Each structure stands twice: as structure tokens, then as C-alpha cells.
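# Summary of structural features
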Amino acid sequence: MRVFDAAGIRNVALVGHSGSGKTQLASALLFDAGAVNRFGKVDEGTTVTDYDEEAIARKHTLSATLATLEWNKYKVNLIDTPGMGNFLADAQAALRVSEAAVIVVDAVGGVQVSTEKVWSYAEEAQLPRLIVLNRLDRERASLERSVESMRATLGRNCVPVQLPIGQEKDFKGVIDLVGMKAYTFAADGSGKMTEGAVPDALAGNAKEARDALIEMVAEADDALMEKFFEAGTLTQEELSAGLARAFRAATLFPVFCTSALHNIGIQPLADAIVTYVASPADRPFPGVNSAGKEATRAAADGAPLALWVWKTVADPFAGSISLFRVLSGIVKSDATVQNVTRDQQERFGHVLALQGKTQTHVPELHAGDLGAVAKLKDTHTGDTLGDRNAGFTVPSMKFPEPVLAYAIEPKSRGDEDKIGTAMQRLREEDPSIRYDRDAQTHELLLSGQGQLHIEVTVAKLRRRFGVEVNLKPPRIPYRETITAKVEAHGRHKKQTGGHGQFGDCHITMEPLPRGADFEFVNDIFGGAIPRQFVPAVEKGIQETRLRGYLTTYPVVDFRVTVTDGSYHQVDSSEMAFKLAGRLAFRDGMSRAKPTILEPIMNVEVYAPSDFAGDLMGDLNSRRGRISGMDTRGAATVIKATVPMAEMLTYEQTLTSNTGGRGSYHMEFSHYDEVPSHLHAKIISQSKAERGEAKEEEE
Ligand SMILES: Nc1nc2c(ncn2[C@@H]2O[C@H](COP(=O)(O)OP(=O)(O)OP(=O)(O)O)[C@@H](O)[C@H]2O)c(=O)[nH]1
Ligand SMILES: [Mg+2]
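Here the residue numbers are simple positions, counted from 1 along each chain's written sequence. Chain A is the first chain written and ligand 1 is the first ligand written, with later ones labelled in order. The predicted nature of this model means local features are confined to residues of pLDDT at least 70 and side-chain atom pairs, given and counted, to a pLDDT of 80 or more, with totals for whole chains, interfaces and linings taken over all residues. With hydrogens and water set aside, each side-chain value is computed from the structure's full complement of heavy atoms.

Take the overall build of the protein next. Numbering of helices and strands runs from the N terminus, with a helix taken as a DSSP run of H or I at least four residues long and a strand as a DSSP run of E at least two residues long. The secondary structure content of the protein amounts to 16 helices and 37 strands. When the backbone C-alpha atoms are referred to their principal axes, the protein occupies close to 105 × 60 × 55 Å. Counting every position in the protein, which comprises 698 residues, the buried fraction comes to 55%. Note on contacts: a residue pair qualifies if any of its non-hydrogen atoms lie within 4.5 Å across the two residues. For the protein, contacts bridging at least 24 residues in sequence account for 72% of all contacts bridging at least 6. For the protein, the exposed area adds up to about 30100 Å²; of that, 48% sits on carbon and sulfur atoms. Relative accessible area decides the class of each residue, using a 1.4 Å probe on protein chains only: under 20% of the type maximum gives buried, over 50% gives exposed, and in between gives partly exposed. Accessible areas in this description were obtained via Shrake-Rupley with a 1.4 Å probe; residue shielding takes into account the shown protein chains only.

Encoded structure:
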């Protein structure tokens, strides 16, 4: 492929709910542009962007992937992203290196949970959004209903710029409301396009829709508004220029009509992408200058080199592949560049252009372009690289906190080290997973955004790194706390032959607000406990409280104040005071009315309204508290807080209760007390685990 300058480049991310057809759409765009010879299908595992074995097997995109096409002399970098809730961190990252979001919406389901999530990401970044209403060939597909759901959720500025010709299985083309032309497509999926006049039968609808569009465009611009009032309409030039401006200002969101599977409406969409989306040269990249102040960097070839790594792919053989955006300057193969974030030198091998998994060596990439490089020494997702005097860095990305942890164990003994290395690589690729050892049980814990996220990670471990692991049932991170203020006493005294041990302390224990964790206050006057032994008391309490009292979970949200004590000139030692602290803590716990805390999740469920009653009943039976309910066209959104322990089986239930038409999103909210009738079960489970862990230790 030729070298492109910023003005000739368009970077877009395909984002939207899972199953809306993003990958299929990428495939159709690549095919129509001649970037590939074969029209790849998701269902046959032959698309460019779902190349990963795991993605092919599951028929879902699991990671952001890059592909490139040329259209009307422009280079379009397309990033296909996952739509499943567990994997949205990648959609967010992809949006950061794009000048516009292509929001793909299923014409049958309308706006769904992930649609709203990705919309809010784009909104935060003030990113222009182009909406593609896809799957219009399906039964029950509807432009009207879908636009209604968009206006209800995403905002009233979503406006069709096309109308479909034919409905459901007869969908065969689109009317362009700006140019008032009809485009129909061959039924064989070849994408062969015929331009014609607007069919008579649709002329009335088209005029009405065009008038509505004109009004919206006029509203977005004071000067146009005046013209509109004078002339009662806008000329075609005014309309298209006004639309482009409103789109780039992210005040108007045009809706396009497609069937990605049947290759209908794809070419007009490609035209729109290169026409409407800003070039990188027109949208300076936000970051921080060398003085630490917020700044932007214009995509100019003449400026010092700065590039930003937005994604890393872990390949067991090729090493890590760093996907970057050239922010300014020109990056060349075999260059030596500075990792500005880590203050380290890196040597580039070949600069790579990516077409899904296919890598092509290119001599250089210019400002605004997207590309990749393999095998950097110590560069990670979120790092800025460039000339020593680049003078610009991009603040690192925030990744979502894990919401669920599973204990894993290797199937064959001795594989633990292998898991460690592989997990480190996988975490490079997906920083929203965690891998560590449980402090209490010493088990290996894998945490992520949900069950599916964990399963996919385990599958990657197997396929890419040849390590098999067993997944144990998920662990709820319970906590304990106290509910009463108490005074307590601990004395450790032992006389064994000559040298004895003596430590003695009085403490007060009192509850603190949720989230306060642990506080230790030294309130000793007059040296009742010598200064050097007070930290030992704290240490004894710290160690013990992390091991739990009723259960094996840490005791949190309380304050300990040491008030008094006594010591012995010869027999007192750090160890003795540590033990005294431990005894005092246990004494206090026995009267401080301890209770168990559990994590509570914020849950948002999205489903066709017919299911609302059943779904609320189900959430109630999971000890959920409904906090809100909203209708979005034909769909209902239920918001609730539900204990994490009750959500472990939710995915399956929701799917079976709604025939797969419901979706949900959850994130951690806060800790709350577990009702007392559930204590016994948690205590005995945790004791059993402690027993197991003890055996392992021995
Ligand atoms: N009938 C019809 N099916 C489509 C269309 N577009 C996609 N599909 C099918 O819908 C399913 C999902 O398509 P994908 O392209 O994988 O959807 P996605 O948005 O990439 O989904 P995730 O990767 O999970 O986020 C596949 O079975 C596609 O063949 C379309 O326009 N019409
Ligand atoms: Mg996909």
C-alpha cells in the first residue's frame, strides 16, 4: 500500500452491541474496496478481523483488531471491536485512536446495553458518531422503531440520512436523502450497485424524511437557520456542508442503512466515511506536554516523532505486537526511538501494516496513521514513544476493575510457572484481567469482567500457551467487620526456664464507615508500652485481621486504639507484643458483634418490555433492589443493586428467560452486610476452604 499523509487518512472504530454485525460490516467494506478477494463471513470463520482461533470458535470478536482499505484515494483504517460487555475495554481504547465512531445497531433489537456503553465512551471523548443500522434484511427489522429507540436513549439528534428500499427479506437498497438518489444492490452479495431515481412509491416518504433532515441540519447552525427561514428549505450544497459540520461537531448523528451480510448499502457508507469523518490533521490529539500541562498534538509530518501504543497483542511465537498511532512525525523501519513514558530506548524492527492477522512490512508511516511493530523490549499498552524531544505524552488509560475472581489450578503439576509467564503476556494484551495469589488460601486467582471473560482467558492459555487449567467455582470476596465498640485486653506471658516472654496491651476497637478499611491509633502516654514495641502490637493485629475471625476473609472498616499496657525490662520483645496484639484483637472480636460484608453490584438489564415483569421478579429473588426502570422504545431497562453472590448464574438465566434477547451489564458498587440467616453457610464454606489451604501448606 502507498504511503498516506494525514489529509488522506480516515481512522474509524466499529463499535456496538454484540451481534449487531460489526465484524461482518468490516468484512463487506474490505471486500467492496478490493482489499480482499473473498467476501469473508463471520459464520464461516473467514473474516479478516475475527482471525483469532478463539474468536472464530465463538463467533464473537474478543479483542480490537485493525484492517485497512483504500476508498476514493483515501486510506481508511478500520478497527473492529468486541461488543460483549466483558470486553468493552478494547472498544474504549479503539475509540481513542479514531476520529469517529461507527456505531453499529441491529435493526431488529435497536439500541442495547453495549450500544449505550460505547455511546457514552464516544460522548465522553466528544467523538463524532455515525450510526449504521444493520441487519435490515432480517424479519422484524425496522428503521422507525430503531430510530425511536436511538432518540429515546442516545438523544434526539440521531437522524436518518437514508431510507431503506424494500423491507426485511426484500431489502435491496437505500435512498440517499441528501442527493435524492436510489442505490440498489445485486441480490447475489457481489455488491454490484445501480444508481437510479427515487422510486415513485417511496417519493412521499423520502420527501418527508428529507425535510426532517433539513430541519435538523438547519437547527444545528445559526447561519443555516436564517437561510432556512428565508427560503423555507436548504440547497443540496448547504445541506451536505451543514451535515458535515454538524457531524464533526458531534451535534448530529446521521443514520445509515445496511445489510452487511448481503452487501447492501456498503458503498454509500464507505463514501460517507471518507466524506464526513475528519482527517487526523483536523483533529489534534489530546495529551500532556513536557511541562505536564494539557495539550494537543497536530498530526504534522514535520513535527518531532510521537506515537502512542493503544493495544498490545500477545503472540507466543512472534512476541508482543504493539499497535500504535503516529501522533506526529514519521516513523521509519529500523528507527531507534525513545519510550518517553518509561525513559528507555527501543529499537524498531520493521514497521508493520496490519490486515487482521496479516502483517506487511512498510518503510514508514506518517502522522495520523495506524500501524504496528513487533518485539519491543519494554513497551506496554498506553506508552508514548518518539523522539527524545517529542515533548508530548498521552496519559495512560484506565482499565475497568475486575468484578469476579475464580481460583485456577494447573492440570499438571509443575505448570504453575508456565501459567505465570503466560498470564503476564495475556495481561499485556488485556489489562482488565488480574492474576495473583490469594493471601489467605494461597490459591491462584484469575479475576476479570465476568464469567465469559475468565473462560476466554483460560481458553487462550490453552490454545496459545499450551497450559491447561481447572477453574474452581468463583470466589466471592467477602469481608468481615464489627458493629460494636469494645475494650479488649491481650497479655502474652510465658516462663520457660531462664528467659521469658512478656507483652501486654489494652485496646479499643470501634466500627468505621464502609470503605475505611483499617486504622491504628497509638494513644499510649507515659511509656506504658515502650515506643519501639507499639508497631509490633499493630503488626500482630494487622496479620490477624487479614485472616478473618468468623471466616477467612479480612476484617475491615474498624479502628484500633492502643490505650494502655505493661512491659517487663528483660522478657518483653517485639514477638511478645505481636502476640499480645493478636490476643487483644481476638478478645475484642468476641464481643464486638462481628458480621459479614458482601460486594454489591450495580446491574443494568436490558430486554424487550414483555419480559420486564419476569426479570424484576427474578432480580428480587436474587436479593436485588430495583432502583429504576425505564422504557426505551420496545425495550425496558431495569437498574438494580444485587449482591455479587446472587449474580453468578445470571448470564444463563437471562439468556434462557428472554430467548437470548436480553443483555446486562454489571460493575462493583459497594460492600454491605450479609443478612444473618446466610452467615452460617458462608462461615462453614470458608472454614472448609481454610482447612483445604492448611493441608496444602503442610
Ligand atoms: N441477516 C443478517 N445477518 C447479519 C448481518 N450482519 C451480520 N449478520 C450476522 O449476525 C451475526 C453477528 O455478526 P457479527 O458481525 O459477528 O457481529 P458483531 O457485531 O461483530 O458481534 P461481536 O463481535 O460479538 O461484537 C453473524 O451470524 C452474522 O452473519 C446482516 O446484515 N444481515
Ligand atoms: Mg465482531
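We are not done yet, so read on.
Here we come to the sheet that holds strand S9 (residues 181-185). In this description, strands pair whenever DSSP reports at least two bridges between them. Taken together, four strands build an open sheet; the order of strands is S7-S8-S9-S10 and the sheet is antiparallel. For this open sheet the edge positions go to strand S7 (162-165) and strand S10 (193-196), each flanked by a neighbour on one side alone. Taken pair by pair, the neighbouring strands of this sheet meet at an average axis angle of 25 degrees, ignoring direction. To obtain each axis, a line is fitted to C-alpha atoms, and for helices this fit is confined to the stretch in contact; angles are then taken between N-to-C directions over 0 to 180 degrees.

On the surface, Arg138, Arg140, Arg145 and Arg661 cluster together into a patch of positive charge. Note on placement: arginine 661 falls in the loop between helix H15 (650-658) and strand S37 (663-673). The partly exposed category is assigned to arginine 661, whose relative accessible area is 42%. Each patch groups residues whose relative accessible area exceeds 30% and which form no salt bridge, using 9 Å between like charges and 5 Å between nonpolar side chains of Val, Leu, Ile, Met, Phe, Trp and Tyr. Salt bridges are defined by distance alone: a side-chain nitrogen of Lys or Arg within 4 Å of a carboxyl oxygen of Asp or Glu. We treat Lys and Arg as the positive residues and Asp and Glu as the negative residues; His and chain ends play no part in the count. Note that the charge is assigned to NZ on lysines, CZ on arginines, CG on aspartates and CD on glutamates.

We call an atom a donor if it is N, O or S and sits within 2.8 Å of the metal, or 3.2 Å for Na, K and Ca. Water is not counted, so some sites may look partial. Protein-derived ligands of the magnesium ion (ligand 2) are Thr23 (OG1) and Thr61 (OG1), with the metal-ligand distances lying across 2.0 Å. Of this pair, threonine 23 sits in helix H1 (residues 22-32) while threonine 61 is found in the loop between helix H2 (53-58) and strand S2 (65-71), placing the two residues 38 residues apart along the sequence. Considered together, threonine 23 and threonine 61 belong to a single accessibility category, that of buried residues.

With that settled, the discussion passes to the packing of aromatic side chains. Stacked, edge-to-face and tilted labels apply to pairs of Phe, Tyr and Trp rings (six-membered ring for Trp) whose centres lie within 6.5 Å, assigned for plane angles under 30 degrees, over 60, and everything in between, in that order. Under the criterion given, the structure shown has 12 aromatic pairs. Where phenylalanine 228 meets phenylalanine 229, the ring centres are 6.0 Å apart and the plane angle is 50 degrees; that geometry is what we call tilted. Aromatic side chains phenylalanine 324 and phenylalanine 348 sit 6.1 Å apart centroid to centroid with 50 degrees between the ring planes, which places their arrangement in the tilted category. Taken together, the residues span a long stretch of sequence, with phenylalanine 324 in strand S15 (residues 319-328) and phenylalanine 348 in the loop between strand S18 (344-347) and strand S19 (351-355) at a distance of 24 residues.

Time to look at helix H7 (residues 222-231). In an α-helix there are 3.6 residues to a turn, and that puts residues three or four apart on one side. At the N-terminal boundary of H7, the capping side chain belongs to aspartate 221, with an oxygen 3.0 Å from the backbone nitrogen of alanine 223. Phi turns positive one or two residues past the end of H7, at glycine 232, with a value near 80 degrees. For this analysis, a polar contact is any N or O atom pair within 3.5 Å, provided that within protein one partner can donate a hydrogen and the other can accept it, and provided that sequence-adjacent residues contribute only side-chain to side-chain pairs.

The next point concerns the sheet that holds strand S28 (residues 469-475). Read from one edge to the other, the open sheet built from four strands follows the order S26-S27-S25-S28, with strand pairing classed as antiparallel. In the strand order of this sheet, the two ends are held by strand S26 (434-437) and S28, each with one partner. Across the sheet, the axes of successive neighbouring strands diverge by a mean angle of 30 degrees, strand direction being ignored. For strand S25 (residues 404-410) and strand S27 (residues 444-448), the ladder comprises five bridges, and the chain directions are antiparallel.

Around ligand 1, the structure places 21 residues, and the nearest of them are Ser18, Asp43, His60, Arg135 and Asp137. One nitrogen or oxygen atom from the side chain of serine 18 is found 2.7 Å from an oxygen atom belonging to ligand 1. The separation between an oxygen atom of ligand 1 and a polar main-chain atom of glycine 21 is 2.9 Å. The biggest single contributor to the shell around ligand 1 is H1, with three residues. Each residue receives one of three labels: charged for Asp, Glu, Lys and Arg, nonpolar for Ala, Val, Leu, Ile, Met, Phe, Trp, Tyr, Cys and Pro, and polar for the others, Gly being one of them. Its residues assigned to classes, the shell around ligand 1 shows four nonpolar, 12 polar and five charged. Summary of the distance rule: residues count as near a molecule or strand when at least one heavy atom falls within 4 Å of that molecule or strand.

One fewer than the residue count of a helix, multiplied by 1.5 Å, yields its expected span. With 13 residues, helix H8 (residues 236-248) extends 18 Å between its outermost C-alpha atoms, agreeing within 8% with the 18 Å of an ideal straight helix rising 1.5 Å per residue. For H8, the full list of buried residues reads Glu238, Leu239, Gly242, Leu243, Ala244, Ala246 and Phe247. Against the buried residues of H8 lie strand S4 (100-106), strand S5 (129-134), helix H6 (200-219), H7, strand S11 (253-257) and helix H9 (266-276). In the stretch just after H8, alanine 250 is the one whose phi turns positive, near 55 degrees.

Attention shifts here to the pairing of S27. Where burial is concerned, most of S27 is hidden: five out of the five residues are buried. Burial of the side chains of S27 extends over both faces: Leu444, Leu446 and Gly448 are buried on one face and Leu445 and Ser447 on the other. Strand direction decides the pairing type here: S26 and S27, joined by four bridges, are antiparallel. Among the inter-strand pairings, aspartate 436 is bridged to a residue of S27, identified as leucine 445.

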